[in-house]
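Examining the three-dimensional arrangement
Residue-level listing of the chains:
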Amino acid sequence: MSSATSRSSSFIPPGSKREKAAKNMTAAAKAIQAIARPLMAILVWMLPLVISYCRFLHTTWKKIPYDASTFLIGVVFCFFGGLYPTVFAAIQAAKHSGVTTVRKAVSA
């Protein structure tokens, strides 16, 4: 044990609620680490693939004519299920709240 650990443990009486809480927190941290470590490894592996796929989709989307893109958006809206009104309302709200200003700011 280091001197800092022995000093800090001397302030916590053995068998107290704080000591039990510290042991429980240590066990919880180890359990979370056992789950988080593999998830982070998967994320690090998948992120470049997702980025390249999104770039491909973006370049493909930019090549599609305006009428075809409007048609595709309409088809997605039609077959979106029960969430169609919510999606349409969100898009209309974005249009009314200044989506063109946001597009200009992002593209600049």
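Residues numbered from 1 in each chain as written. Predicted model: local features only at pLDDT ≥ 70, side-chain atom pairs only at ≥ 80, totals over all residues. Heavy atoms only, no water.

Scanning the protein from terminus to terminus reveals five helices and zero strands. Counting from the amino terminus, the protein carries its helices and strands in the arrangement α-α-α-α-α. Relative to its 108 residues, the protein shows a buried fraction of 3%. Carbon and sulfur atoms form 72% of the exposed surface of the protein, whose accessible area is close to 9700 Å². (Helix = DSSP H or I, 4+ residues; strand = E, 2+ residues; numbered from the N terminus. Buried < 20%, exposed > 50% of the residue type's maximum accessible area, 1.4 Å probe, protein only. Areas by Shrake-Rupley, 256 points an atom, 1.4 Å probe, with all protein chains shown as cover.)

What follows covers the side chain of S69. Tracing the backbone shows S69 in helix α3 (residues 66-78). Setting aside chain neighbours within four positions, we find S69 in contact with W61 and I64. (Contact = heavy atoms within 4.5 Å.)

Attention now goes to a nonpolar patch on the surface. Together, I35, L39, I42, W45, M46, L49 and V50 give the surface a local cluster of nonpolar side chains, amounting to about 720 Å² of exposed area. Looking at the secondary structure, you find M46 in helix α2 (residues 17-63). (Patch = residues over 30% accessible without salt bridge, like charges linked within 9 Å, V, L, I, M, F, W, Y side chains within 5 Å. Salt bridge = Lys/Arg side-chain N within 4 Å of Asp/Glu carboxyl O.)

On to the confidence of the model for the protein, then. Mean pLDDT for the protein: 81, with 83% of residues reaching 70 or above. Mean pLDDT values for the elements of the protein range from 54 in helix α1 (residues 3-11) up to 89 in α2. (pLDDT = per-residue confidence, 0-100.)

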